[in-house]
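# Report on the structure
Here is how the chains run, residue by residue.
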Protein chains: 2
Amino acid sequence: MKESYKELSALLANTGIRTSYQRIRVLEYLMSHLCHPTADQIYCSLHDRMPALSKSTVYNTLNSFIEAGLVKVVAIENNESRYDIRVKAHGHFKCEACGAIYDFGADIDNIEVKDLDGFQISDKHLYFKGICPRCLDNG
Amino acid sequence: MKESYKELSALLANTGIRTSYQRIRVLEYLMSHLCHPTADQIYCSLHDRMPALSKSTVYNTLNSFIEAGLVKVVAIENNESRYDIRVKAHGHFKCEACGAIYDFGADIDNIEVKDLDGFQISDKHLYFKGICPRCLDNG
DNA sequence: GTTCCTGCAAAAGCTTTGCAGAAGA
DNA sequence: TCTTCTGCAAAGCTTTTGCAGGAAC
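Since the model is a prediction, treat every value here as computed from it, not as a measurement. (Residues numbered from 1 in each chain as written. Chains lettered and ligands numbered in written order. Predicted model: local features only at pLDDT ≥ 70, side-chain atom pairs only at ≥ 80, totals over all residues. Heavy atoms only, no water.)

### Some details on the relation of the copies chain A and chain B
Both copies of the chain are tied together by a single rotation about an axis and a shift running along it. Cut-off, in case you're wondering: A least-squares superposition brings the copies together, and it is based on the C-alpha atoms of residues with pLDDT no lower than 70 in both. In this description, contact between two residues means that some pair of their heavy atoms is separated by no more than 4.5 Å.
Mapping chain A onto chain B leaves a residual RMSD of 0.1 Å; the transformation is a rotation of 180 degrees accompanied by 0.0 Å of translation along its axis. The two molecules are tied by a two-fold rotation axis, judged by turn and shift. The overlap is high: 100% of the interface residues of chain A also sit at the interface in chain B, so the same surface is used on both sides.

### Describing the sheet that holds strand 5 (residues 120–131) of chain A
By definition, the strands of a sheet pair up through backbone hydrogen bonds, in either a parallel or an antiparallel sense. Our working definition: Note on pairing: DSSP must find at least two bridges between two strands before they are called paired. The numbering of helices and of strands both runs from the N terminus, where a helix is a DSSP run of H or I of at least 4 residues and a strand a run of E of at least 2. Every angle, taken between N-to-C directions, lies between 0 and 180 degrees, and every axis is a line fitted to C-alpha atoms, over only the stretch in contact when it is a helix.
Pairing in this open sheet of six strands is mixed, and the strands run 4(A)-3(A)-5(A)-5(B)-3(B)-4(B) from one edge to the other. Only two strands of the sheet have a single neighbouring strand rather than two, namely strand 4 (101–104) of chain A together with strand 4 (101–104) of chain B. Put simply, the sheet's adjacent strands are angled 25 degrees from each other on average, direction ignored. As paired strands, strand 5 of chain A and strand 5 (residues 120–131) of chain B are joined by 11 bridges and run antiparallel to one another. By the bridge assignment, Phe-128 of chain A is partnered in strand 5 of chain B with Lys-124 of chain B.

### Notes on the protein's contact with DNA strand D
Cut-off, in case you're wondering: Residues are labelled near a given molecule or strand when at least one of their non-hydrogen atoms is within 4 Å of it. Whenever two N or O atoms come within 3.5 Å, that pair is a polar contact, provided that in protein one can donate a hydrogen and the other can accept it, and provided that, for residues adjacent in sequence, both atoms are side-chain atoms.
Every one of the 17 residues lining DNA strand D counts as a neighbour, but Tyr-59 and Ser-81 of chain A together with Ser-20, Gln-22 and Thr-57 of chain B are closest to it. Across the atoms of DNA strand D situated within 4 Å of the protein, the share located in sugar and phosphate is 78%. At 2.9 Å from a phosphate oxygen of DNA strand D is found a side-chain nitrogen or oxygen belonging to Thr-57 of chain B. Those elements giving two or more residues to the surface near DNA strand D turn out to be helix 4 (55–67) of chain A together with helix 2 (21–32) and helix 4 (55–68) of chain B.

### Notes on the packing of helix 2 (residues 21–32) of chain A against helix 4 of chain A
How two helices sit against one another is set out by the angle between their axes and by the gap between those axes. All names here are of chain A. Short version of the rule: Between 65 and 115 degrees an angle is taken as roughly perpendicular, under 35 as roughly parallel, over 145 as roughly antiparallel, and anywhere else as oblique. Throughout, a crossing is termed right-handed when the near helix is turned clockwise from the far one, and left-handed when it is turned anticlockwise from it by less than a right angle. Throughout this entry, Asp, Glu, Lys and Arg are counted as charged residues, while Ala, Val, Leu, Ile, Met, Phe, Trp, Tyr, Cys and Pro are counted as nonpolar. The remaining residues, Gly among them, count as polar.
Where helix 2 meets helix 4, the axes come as close as 10 Å, and the angle between the chain directions of the two elements is 70 degrees. Considered as vectors, helix 2 and helix 4 are oriented roughly perpendicular to each other. You can see that helix 2 and helix 4 cross each other, and the crossing is right-handed. Counted together, Gln-22, Arg-23, Val-26, Leu-27 and Leu-30 of helix 2 and Thr-57, Thr-61, Leu-62, Ser-64 and Phe-65 of helix 4 form the full contact between these two elements. Here the residues of the contact of helix 2 with helix 4 are counted per class, giving five nonpolar, four polar and one charged.

Remember that the coordinates give geometry; whether it matters functionally is a separate question.
Structural data, given as structure tokens:
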């Protein structure tokens, strides 16, 4: 998971996104943190090594990644956007005690649905909530 | 779907919520508008007949309904909470062209999942996005 | 050289909170 | 009577936007 600047730059070029130092760092962060960070977490972490980085750049960058299909938004909660660069379809579980978000395997593309004849589906999300094993043990 | 004040009041009492005129009207609105309204839509609609109604009351009321399990939040988008009083599990489809949210049938409780041994699951949501038939025709 | 991006500040939008007066039990 | 709710205003948060200087192509 340690891609070089050149590789990441090529990845961006493939999706039609111009290279910039900030974008490379955000991309790098997402690829090494698959834990669905918030924009603020990304900003705070990168800010240590890039004091000039601004939060709007983080948002702009994330939005261009989303538009390019590189990143998906995890909208499991309304007041916080979380960003996920993994491509394979999977579900998200949010622990209501500790707030952590876990991935879980689910064959989302083959869920049997009714009432959607004639709909063009572009995006599928499966969200579960509850308590994770760690919190169950500690509770 | 035209419940009386008395019936709605009893419904609230069953869930441990005190009766008030405002709460009855919000509940009534939710029961007659299964289209997943936003807090603002509820507020604007009720405000015509209740000029003194405030938005914080709508939010407070919705939050007490949620806590009581009467209402679920549809978090398909991050910047807007939508409220749904229907109990039976179903999926939500959001049209990215017109913004409408449709219900669709899906056996959410029987989706096959991996990696969740030991997790206590209390809530399941299935969200699809795309273009609805009406917008496909008009586009 | 042109176009697009960054960073700053300010603004926008949704939701929550504090408090005094009012209504419910 | 005592508790809880309402409405107003203000604040809190996350996210977006406008603009001037700067970087990418």
